[in-house]
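Structural features, examined
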Amino acid sequence: MIDVCLLGTGGMMPLPYRALTSLMLRYNGSSLLVDCGEATQISVRRRGWSFNPIDVILITHFHADHISGLPGMLLAMGNADRKEPVTIVGPKGIEHVVRSLLVIAPRLPFEVKCIELDVNKDEEVLELIGLRVKAFKVNHNMLCYGYSFELDRAGKFDADAAKSLGLPVQLWGKLQSGETVEYEGSTFTSDMVMGPARKGLKITYTTDTRPTEKIVEEAAGADIFICEGMYGDGEEESIKKAKDKKHMTMQEAAEIAKQAQPKEMWLTHYSPSVIKPEQYSESIKEIFSCAVISKDRRTKELKFVD
């Protein structure tokens, strides 16, 4: 089970009625945060979630609305009695940027570790808080990454197969957890008693980018595809702004979802000029019926489907 919360849905600057775009995932007692603009910690509090379990913070790129809230967030975590190390992952230069920001938060009660993504690779896979995390380059006016999060699910345990092999019940749990066991001079591996892998869970998150084939590839099969929709009116001026600033319109995001066919697409990262993004819902759903014009702190609990 993964808890998913889109803490904010705004781009460029926080507004009284809209926080900056940030994503928080909770899994197996740990939390992971993607991006941390100004006042992100306020949205965490309003959602009623805790700062303390945040073990990893992923940064998409170094524009202020995605990282300038980091000192405040880390101070809030310290005030919540955080003692364990926190890992921050991001583009080339992440350690320098983080250390510069921490000049105003110099005495944290925990260690801050940085992982710099390899600028020479278009994608990179990490194991973080028990999830497989893929960072992939997108098309913004500076180095920027999208992220996919996957939780695999093993196949069903075949008790009849275990019985036919003559294995005692005491060994079943080890095989089910993937261990190899020795019994009466023979070696038994988990694939001998486990069925084929079942569908797991997947979340894909992208902001600040033009449409790319890579985003379509990553969003394919996602339970939730979270994508920026900076402008929604579809007018020529808005399309030009999106192209010039390397952003995406809601219509372009919906076209990506139409190709990728995730279960749901949550739109986010609205321009401050978009006062009521929900007014575009009908036209967006005409392109992709499972599109959602997200609001701050939209939350969903993802579970395996039998």
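All of the points below concern the structure found in this document. Worth saying up front: this structure is predicted, and the values here are computed from it rather than measured. (Residues numbered from 1 in each chain as written. Predicted model: local features only at pLDDT ≥ 70, side-chain atom pairs only at ≥ 80, totals over all residues. Heavy atoms only, no water.)

Take the environment of E38 next. Mapped onto the fold, E38 is located in the loop between β3 (30-34) and α1 (40-47). For E38, a relative accessible area of 39% translates into the label partly exposed. On a C-alpha basis, the gap between E38 and L201 in space is 30 Å, while along the polypeptide they are 163 residues apart. Those residues in contact with E38 that lie beyond four places of it in its chain are P14, L20, S68 and G69. (Helix = DSSP H or I, 4+ residues; strand = E, 2+ residues; numbered from the N terminus. Buried < 20%, exposed > 50% of the residue type's maximum accessible area, 1.4 Å probe, protein only. Contact = heavy atoms within 4.5 Å.)

Turning to α1, a few remarks are in order. Helical periodicity: at 3.6 residues per turn, an α-helix aligns residues three or four positions apart in one direction. Along α1, the positions that sit buried rather than exposed are T40, S43 and V44. Mapping the buried residues of α1 onto a view down its axis gives an arc of 105°, with all of them on the same face. Residues of α1 that are exposed and angled more than 90 degrees away from the buried face: R45 and R46. Residues of α1 that are buried make contact with β1 (2-8), β2 (22-27), β3 and α3 (70-79). (Arc of directions from axis to C-beta.)

Turning next to the packing of aromatic side chains. Going through the model one piece at a time under the given rule, you end up with 1 aromatic pair. The ring of W49 carries the charged tip of R26 above its face, separated from the ring centre by 3.9 Å. In this structure, R298 is placed above the aromatic ring of W266, and the distance from its NZ or CZ to the ring centre is 4.9 Å. (Phe/Tyr/Trp six-rings, centres within 6.5 Å; stacked < 30°, edge-to-face > 60°. Lys NZ or Arg CZ within 6 Å of the ring centre and 35° of its normal.)

None of this, on its own, says anything about what the molecule does.
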